[in-house]
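Below are the chains, spelled out letter by letter.
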Amino acid sequence: MPSHLFADHPAQPPEPGSVDALISQTRRLRGEVDAVRRDTVVDDDDAQGRWQRALCDLAVHHLDDLGQHLGQLKEGLPPVPERIEAPQAGPELGPEDRQTRVGSAEWNLLTDEVTWSDELFQIFGRSPEAGALPLDELGSTLFSEDQPLLTAWVTACLVDGRPIDGEFRIVRADGRVRTLHMRGEPVIDSDGCTASMWAVLRDVSELRRSQRAVRESRDSLQRRREIAQTEHRLAVELQEAVLPPWRGSLRFPHGSTGSLDVAAHYLPSATSALIGGDWYDALELPDGRSMLTVGDLTGHGVTATSGMAMMLGALRGMAMAGIEPGPLMGWLNQLLETSVQPALGSAVCCCYDPARRVLTWAQAGHPAPLLFRRGSGRSLVPPEGVLLGATSGASYGQAEEPLEVGDVLVLSTDGLTPRSIEFSRTDGTERLLALAPRFSAARSAQDCVRMVIEEFGESEREDDACVLVARVGG
């Protein structure tokens, strides 16, 4: 257990310099161990010398692994997406399993004598009284699929004089499964025949379990990253397919006095990674009026954009059918309430009659449109309306506002300003109203949109936003 002095200090990733130092130390130690291994002279009858050389071989092998892992640590892991679940832990290990144990064995082919170290008996979970296992019985402890592998290794070692360097899994008498790494060599007698085989076996179960957890975590992160990238691409494509394709200014209705010059723009979030359910739209209706709308659904990604597509499609259809803004909001509320994926939304919908120059509008928990006239601006007084999807059977009021030639109407979603202590919805409204003199001097709705982008486009927004500007013509 770590000291209580460090209990309130979370572990920090190592500094690059410290990792470089560890890599240098590992390389230096590897060279020193390799030098000891080369200088070790082993006679055929020197069991102790063979054991020491085997340990040197094993140490070099694991120092190479350590150097590789430190190199990966230096390169760093890829960014971790939010809400990544940690891999499930393996079975609880006893104190004896947490230790890395190394045992040795020698099988004398001339006398059939088998010598195991005490550590090897512990690794196999076998009592010394039961005796060491001969080579022809060693395979009985292995997984069935690993038995042919060990047979091939032992045959190649005894017949062809090839060293053994590999891993296999055993099932101990207590039912525990262990992974062993085996390094062995034949001992050749004076006649050139194989007299015995010695081996060093290391229990690498916990090491392989940790490596498997790292690999599974890496694969999980990669899968989640690919899924996130796919969902983001689908959300972008869906948004681009649903939002109006027009760029620049539009005139509604065409060729009519008192028509509207309309322009709009979508402003992504600061990271561009969160595609939300914001929308804007302008539509010429069969009766000669024009429909203007902006809105926002909660959430991000494909779910939010698909919900936005559903809402905007329904809104367009009902507007074309002649449903007034107030009742239209009521139908949208019922649609969102009964949808498969519940969400909340806010919206404002306006119908402009060019013959009367009157704006009829309704809102559902959304910022009211801003009206700019002769160098000053104000927020329209909103009729009654709650968030879409919040209350079953909610009713929505409707208001009218007479407009004049040269008036500028601004509709926006509340993601236009960053959500921080410094900025609030009121601050965003004040910043928009401060643009009144510039709006009055603007020649088109598109010019007004550019002014809004200049004012808000570089803000560190946590959410995306939409802005729509309509200018009343003569």
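Throughout what follows, the structure given in this document is the object of discussion. (Residues numbered from 1 in each chain as written. Predicted model: local features only at pLDDT ≥ 70, side-chain atom pairs only at ≥ 80, totals over all residues. Heavy atoms only, no water.)

1. A closer look at the sheet that holds strand 7 (residues 260-267)
Selection rule: For two strands to count as paired, DSSP must find a minimum of two bridges between them. Comment: elements are numbered from the N terminus, with helices defined as DSSP H or I runs of at least four residues and strands as E runs of at least two. The axes are straight lines fitted to the C-alpha atoms, using for helices just the contacting stretch, and the angles between their N-to-C directions are given from 0 to 180°. Pairs of residues are marked as contacts when any of their non-hydrogen atoms sit within 4.5 Å.
Judged by pairing direction, the sheet is antiparallel, and its 6 strands sit side by side in the order 6-7-16-15-12-13 without closing on themselves. Both outer strands of the open sheet, strand 6 (250-252) and strand 13 (376-379), are each paired with one neighbouring strand and no more. Recorded for the sheet is a direction-independent mean angle of 25° between the axes of neighbouring strands. Lying on the sheet, helix 11 (residues 445-456) is in contact with strand 7, strand 15 (408-412) and strand 16 (465-472); it crosses strand 7 at an angle near 25°.

2. Examining helix 6 (residues 205-242)
As a reminder, the rule being used: Multiplying 1.5 Å by the helix residue count minus one yields the expected span of that helix. Exposed residues in this analysis have more than 50% of their type's maximum accessible area, buried residues have under 20%, and partly exposed residues fall in between, with area computed by a 1.4 Å probe over protein chains only.
Relative to the 56 Å expected for 38 residues at 1.5 Å per residue, helix 6 spans 54 Å between its end C-alpha atoms, a close match to the ideal helical length. Of the residues making up helix 6, those classed as buried are Ser205, Arg208, Arg209, Ser220, Leu221, Arg225, Ala235, Gln239 and Val242. Here the buried face of helix 6 lies against strand 3 (164-171), strand 4 (177-188), strand 5 (194-203), strand 7 and helix 7 (302-320).

3. Description of the packing of aromatic side chains
Remark: the centre distance and the inter-plane angle together describe each pair of aromatic rings, the angle taken between the planes. Test applied: Pairing of aromatic rings covers Phe, Tyr and Trp, the last counted by its six-membered ring, and requires centre-to-centre distances within 6.5 Å; plane angles under 30 degrees mean stacked, over 60 mean edge-to-face, and any other angle means tilted.
Using the criterion set out here, one finds 4 aromatic pairs in the structure. Pairing Trp153 with Phe168 gives two aromatic rings, centres 6.5 Å apart and planes at 50°, and the pair type is tilted. Taken together, the residues span a long stretch of sequence, with Trp153 in helix 5 (residues 147-160) and Phe168 in strand 3 at a distance of 15 residues. Taking relative accessible area as the criterion, Phe168 reaches 1% and is therefore assigned buried.

4. Topic: the pattern of salt bridges
For clarity, the cut-off: Here, a salt bridge means any Lys or Arg side-chain nitrogen found within 4 Å of an Asp or Glu carboxyl oxygen.
Per the stated rule, a full pass over the model turns up 20 salt bridges. Here Arg356 makes a salt bridge to Asp353, at a shortest N to O gap of 3.9 Å. A salt bridge links Arg450 to Asp447; the shortest N-O distance between them is 2.7 Å. Within this pair, Arg450 and its partner Asp447 are both found in helix 11, separated by 3 residues, close to a single helical turn. Since its relative accessible area comes to 18%, Asp447 is described here as buried.

5. Here's the deal with the packing of helix 7 against helix 8 (residues 325-337)
The condition is simple: Helix crossings fall into two classes, left-handed where the near helix is turned counterclockwise from the far one by less than a right angle and right-handed where it is turned clockwise. Each residue gets one of three labels, nonpolar for Ala, Val, Leu, Ile, Met, Phe, Trp, Tyr, Cys and Pro, charged for Asp, Glu, Lys and Arg, and polar for the others, Gly among them.
Relative to each other, helix 7 and helix 8 sit at 145°, their axes nearing to 10 Å. Viewed along their axes, helix 7 and helix 8 form a crossing whose handedness is right-handed. Packed against helix 7, whose contacting residues are Met310, Met311, Ala314, Leu315, Met318 and Ala319, the element helix 8 presents Leu328, Trp331, Leu332, Leu335 and Leu336 at the interface. Residue composition of the contact of helix 7 with helix 8, grouped by class: 11 nonpolar, no polar and no charged.

6. Quick look at the pairing of strand 8 (residues 279-284)
Bridge count between strand 8 and strand 9 (residues 290-297): 6 bridges; the pairing is antiparallel. Within the sheet, the bridge partner assigned to Asp281 lies in strand 9 and is Thr293.

7. Focus: unusual backbone geometry
Although it is not a glycine, Asp112 adopts a positive phi angle of roughly 60°. The topology assignment puts Asp112 in the loop between strand 1 (102-108) and strand 2 (114-116). The exposure class of Asp112 is exposed, given its relative accessible area of 65%.

8. A word on the packing of helix 6 against helix 7
Put simply, the test is: Each angle receives one of four descriptions, namely roughly parallel if under 35 degrees, roughly antiparallel if over 145, roughly perpendicular if within 65 to 115, and oblique otherwise.
Look at helix 6 against helix 7: their axes get within 8 Å of each other, and the N-to-C directions meet at 15°. In terms of orientation, helix 6 and helix 7 fall into the roughly parallel class. The hand of the helix 6/helix 7 crossing is left-handed. When helix 6 is examined against helix 7, the residues Glu231, Leu234, Ala235, Leu238, Gln239 and Val242 are found in contact with a partner set consisting of Val302, Thr305, Ser306, Met308, Ala309, Leu312 and Arg316. For the contact of helix 6 with helix 7, a count of residues per class yields 8 nonpolar, 3 polar and 2 charged.

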